[in-house]
Amino acid sequence: MKRTNRIVNIMIAAMIVFIVVSVFFAIRGFSVIRKTTTASGQDFLLQSTEYVGKVIQLSMKNRHQALNYLAIDGNLKNSDDPATYLKNSSSSLNTFFESLNNEADALFYMEPDGTPLYAFHWDSKKKQVSIADIQTIRPFISHDLSLNQLLAKPTAQNGDSYFIDKKAYVNFYQEIKTSSGVIDGYLILPLNLEAFYKNFLQDFEVDYKGYPMIKDRSMTVVMHPVKQQVGLGIINDREKLYPDFDYSDLKRLEKYQLNHSSGKLTYKSYWWDEDTPTEVLKISAFEWIDVGLAHWVVAINADYNERNDDIINFVIVLSFLLVLLLLLIIICSLFIHNFRKKETIEAENRQLIEKQKQQKMQHQLELELYQRNKMETVGLLTTSIVHDMNNFLTPIIGNTQLLLEEHGEDPVLEADLEEILHSAQKGKQLSSNVLRFSKPQKSVQEWMDISAAIGVATHLIGEIIPKKVQLTLSIQENLGTTKLEEIDLQNLIYNLITNAYQATKDNRNKPQKIQVAVAPATKEIADLLKTDNHRMNHVDNFVTLEISDNGPGIPSALKEKIFEPFFTTKSSDEGTGLGLFAVTSIVNKYEWHLSLDSKEGSGTSFFVTFPVHSCK
């Protein structure tokens with residue numbers, strides 16, 4: 001009896017120790033997970049910051065390009081007579097101001113010595129341009145301290161940011177030259193950065209509470225979702241408004257940003273978009289960018305605790321359950337201790353057996369829970385990858401569609417934008433294929449008319465490549481059917497045509513040409529396939545797909561290496577070295593035949609031969 005009680009007491013003590021240790025490791029694990037989650041959040045914010053910086057630079061470049069198109073207008077030869085210029089170019093000016101989406105309402109012409117000659121005002125309600133008083137635009141000149149630097153360096157697209165009545169502006173410049181190349185003056189466009197922020201950054205989502213903001217080199221806020229924050233220094237001016245706040249972490253942030261080109265950190269600050277700002281712990285990422293003569297730091301902040309609320313709640317619930325279990329064990333131990341005094345040895349044995357069964361069942365449940373958690377982690381990781389990639393592609397698709405609507409009158413720009421849109425949509429579709437590898441899936445192959453399938457795949461890919469590329473099709477019909485997955489054929493043709501297009505991009509003095517031909521295979525190829533693969537002995541018909549280009553060709557020394565994974569002769573922005581590797585993988589999957597014919601200076605041809613069944 002005493003020995004049994006001793007064993008039970010030891011087991012209870014061991015379980016108590018186990019629970020205490022579990023609580024300790026749960027708290028320690030929470031700390032590790034929290035650090036990992038914070039680092040992951042900062043990496044995401046840093047990527048978002050880089051994206052926002054590129055959006056700002058590209059958008060600013062587009063505005064300067066619009067000003068450049070306006071400057072090309074030949075009516076500027078009447079620069080001394082604004083009424084004549086307005087009469088002859090009212091349509092161009094209206095289109096120009098409407099494209100800016102209320103980001104500017106003034107445009108003026110300045111002589112080479114810096115004297116304003118005349119100005120125009122845009123009434124967004126009436127959608128009408130009128131001649132303005134020169135005095136109304138003088139603040140845009142007097143506050144722009146980078147004007148003298150512009151006159152010394154007229155190639156800059158815009159000056160530095162400046163403030164008028166707590167509103168941020170940046171002046172865009174476009175020099176006007178005479179037919180002899182002498183600078184006749186400058187077109188100057190003051191851009192309202194508050195309106196620019198609303199158009200491009202106001203609705204930027206970071207999944208948690210937070211927003212992007214932009215500061216200049218003096219750490220003065222240039223763009224911010226709260227109007228009252230624009231024009232304020234992040235420390236000195238805020239101290240005047242809120243003298244009781246703690247700014248020690250903001251000083252550390254300012255020093256760190258001034259000494260690093262980009263980075264990420266955690267600091268204490270306040271949500272300035274609240275009526276009464278409350279102290280909060282933030283995670284932040286930043287990057288310095290150059291826009292003309294302006295040098296800005298782009299920063300995105302997010303709520304530290306909000307990102308970790310789920311983890312905190314999970315640990316609290318887990319700790320509560322463990323403590324509750326500990327209390328239950330203690331109560332049960334007291335009950336068992338009193339009960340065993342009145343029971344016989346046989347009853348004690350039965351209880352011990354029953355307890356062992358319960359422990360075994362609990363252990364089995366824990367194993368099942370552990371296995372389920374592992375599978376959920378794998379699924380979450382795969383879903384997160386596709387989600388993050390779609391987050392990068394979705395704004396590209398959305399912004400490209402908006403640009404298509406805004407610039408429908410420009411056929412050249414519209415064609416380029418459509419190319420970007422098709423490529424982004426194709427990338428989004430391909431990114432979704434990652435889910436095919438998150439869990440085993442059966443390969444679904446169907447019998448297809450090889451000529452029709454190649455025609456459809458080529459048509460789909462042809463819509464993605466630029467219109468200037470001459471894509472010629474020569475496909476014989478009713479050549480037979482073969483069994484395959486349609487997406488594999490599409491990927492094969494996509495990679496071969498993309499490879500051909502990139503090979504012809506550097507063509508000089510000759511157009512880019514790609515030819516796709518489908519015809520019965522030669523007898524030599526058919527005999528070779530039957531010799532190399534005994535499974536092909538019963539096949540009577542073969543069809544060859546040929547994709548040719550008129551690019552520079554492939555050097556002999558590289559012909560064996562181009563099919564290796566990650567081998568590429570292109571820059572990192574143009575290729576990954578996986579295209580032709582994917583082609584060989586698909587060919588090997590179906591036991592097709594792949595060959596290459598290329599000479600330097602004479603272009604390249606890829607041949608893929610399929611076994612087919614006759615349509616007759």
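Structure: see above.
If you're wondering where the values come from, they're calculated on a predicted model, not measured in any experiment. (Residues numbered from 1 in each chain as written. Predicted model: local features only at pLDDT ≥ 70, side-chain atom pairs only at ≥ 80, totals over all residues. Heavy atoms only, no water.)

S.K.: Outline the sheet that holds strand β3 (residues 128-132), listing residues and values.
M.R.: Overall, antiparallel pairing links the six strands, which are arranged β3-β2-β1-β6-β5-β4 in an open sheet. Strands at the two margins of the open sheet, each flanked by one partner only, are β3 and β4 (158-164). Averaged over all neighbouring strand pairs, the angle between strand axes comes to 25 degrees, with direction disregarded. Pairing of strand β2 (residues 116-123) with β3 involves five bridges; the strand directions are antiparallel. Across the sheet, residue His121 finds its bridge partner in β3, namely Ser130. (Pairing = 2+ DSSP bridges. Helix = DSSP H or I, 4+ residues; strand = E, 2+ residues; numbered from the N terminus. Axes fitted to C-alpha atoms, helices over the stretch in contact; angles between N-to-C directions.)

S.K.: Lay out the environment of Tyr267 with the relevant residues and their values.
M.R.: Checked against the element boundaries, Tyr267 lands in strand β9 (residues 262-270). A relative accessible area of 3% means that Tyr267 is categorised as buried. Taking the C-alpha atoms as reference, Tyr267 lies 8.4 Å from Arg252; in sequence the two are 15 residues apart. If near-sequence neighbours (up to four positions away) are discounted, Tyr267 is found in contact with Asp249, Leu250, Arg252, Leu253, Val280, Leu281, Lys282, Ser284 and Asn301. Side-chain polar atoms of Tyr267 contact the side chain of Asn301, separated by 3.2 Å. (Buried < 20%, exposed > 50% of the residue type's maximum accessible area, 1.4 Å probe, protein only. Contact = heavy atoms within 4.5 Å. Polar contact = N/O pair within 3.5 Å; in protein donor to acceptor, adjacent residues only side chain to side chain.)

S.K.: Please set out the packing of helix α11 (residues 450-462) against helix α12 (residues 486-504) residue by residue, giving values where relevant.
M.R.: As a packed pair, α11 and α12 sit with axes 9 Å apart at the nearest point and diverge in direction by 50 degrees. The angle between α11 and α12 falls in the class oblique. Relative to α12, α11 is oriented so that their crossing is right-handed. Residue-level inspection shows Ala453, Ile454, Val456, Ala457, Thr458, Leu460 and Ile461 of α11 in contact with α12, the latter providing Glu486, Leu489, Gln490, Ile493, Tyr494 and Ile497. (Parallel < 35°, antiparallel > 145°, perpendicular 65-115°, else oblique. Left-handed = near helix turned anticlockwise from the far one by under 90°.)

S.K.: Just give me the short version of unusual backbone geometry, but keep the residues and values in it.
M.R.: The phi dihedral of Asp165 falls on the positive side, at around 55 degrees, and the residue is not glycine. You can see Asp165 is positioned in the loop between β4 and β5 (167-177). Judged by relative accessible area, Asp165 falls into the exposed class, the value being 71%. In this model, Asn478 sits at a positive phi of 55 degrees, which is unusual for a non-glycine residue.

S.K.: Quick one: what's the story with the pairing of strand β11 (residues 294-303), residue by residue and with numbers?
M.R.: Extensive coverage of β11 is indicated by the burial of nine of its ten residues. Both strand β7 (residues 210-215) and β11 contribute to a ladder of six bridges, which runs antiparallel. Pairing of Tyr211 across the sheet is with Asn301, part of β11. As paired elements, strand β10 (residues 279-291) and β11 share ten bridges and run antiparallel to each other. The residue bridging Lys282 from the neighbouring strand is Asp303, located in β11. Hairpin connection from β10 to β11: two residues lie between these consecutive antiparallel strands, with Gly292 at a positive phi of about 65 degrees.

S.K.: Run through the sheet that holds strand β15 (residues 513-520), naming residues and quoting values.
M.R.: Strand order across the open sheet formed by five strands is β13-β15-β16-β18-β17, with mixed pairing between neighbours. The strands lining the two open edges of the sheet, one partner per strand, are β13 (470-475) and β17 (593-598). Each strand of the sheet is rotated relative to its neighbour by a mean of 15 degrees, with strand direction disregarded. Contacts from α12 reach β15, β16 (541-549) and β18 (604-612), with the element oriented near 30 degrees to β16. Along the sheet face, helix α14 (residues 579-590) touches β17 and β18 and points at about 145 degrees away from the line of β17.

S.K.: Summarise the nonpolar core; cite the residues concerned and give the values.
M.R.: Judged by nonpolar contacts, the single largest core of 68 residues is most densely connected at Ile56, Met60, Phe96, Leu107, Leu193 and Trp296. For this core, the leading source of residues is helix α1 (residues 2-71), giving ten residues. Setting aside chain neighbours within four positions, we find Phe96 in contact with Ala66, Leu67, Leu70, Leu107 and Leu189. One finds Ile450, Leu492, Val543 and Tyr590 within the second-largest nonpolar core, a separate group that totals 35 residues. (Core = buried A, V, L, I, M, F, W, Y, C linked by side-chain atoms within 4.5 Å.)

S.K.: Just give me the short version of the environment of Leu473, but keep the residues and values in it.
M.R.: Of note, Leu473 is situated in strand β13. For Leu473, a relative accessible area of 45% translates into the label partly exposed. A sequence separation of 44 residues divides Leu473 from Ala517, and the C-alpha atoms of the two residues are 6.0 Å apart. Ignoring any residue separated from it by four or fewer positions in sequence, one finds Leu473 in contact with Thr458 and Val516.

S.K.: So what about a nonpolar patch on the surface? Which residues, and what values?
M.R.: Together, Val323, Leu327 and Ile330 make up a nonpolar patch on the protein surface, roughly 230 Å² of accessible area in all. We classify Leu327 as partly exposed; its relative accessible area is 46%. (Patch = residues over 30% accessible without salt bridge, like charges linked within 9 Å, V, L, I, M, F, W, Y side chains within 5 Å. Areas by Shrake-Rupley, 256 points an atom, 1.4 Å probe, with all protein chains shown as cover. Salt bridge = Lys/Arg side-chain N within 4 Å of Asp/Glu carboxyl O.)

S.K.: Any details on the pattern of salt bridges? Residues and values, ideally.
M.R.: With the rule as written, the count across this model stands at ten salt bridges. Across the salt bridge formed by Asp43 and Lys264, the nearest N and O atoms sit 2.2 Å from each other. With a gap of 221 residues between them, Asp43 in helix α1 and Lys264 in strand β9 connect regions that are remote in the sequence. Judged by relative accessible area, Asp43 falls into the partly exposed class, the value being 34%. Given a relative accessible area of 34%, Lys264 falls into the partly exposed group.

S.K.: Can you tell me about the packing of α12 against α14, naming the residues and giving the values?
M.R.: Direction vectors running N to C along α12 and α14 enclose 145 degrees, while the axes themselves pass 9 Å from each other. At the point where α12 passes α14, the crossing takes the left-handed sense. Residue-level contacts link Asp488, Asn491, Leu492, Asn495, Leu496 and Asn499 of α12 to Gly579, Leu580, Ala582, Val583, Ile586, Val587, Lys589 and Tyr590 of α14.

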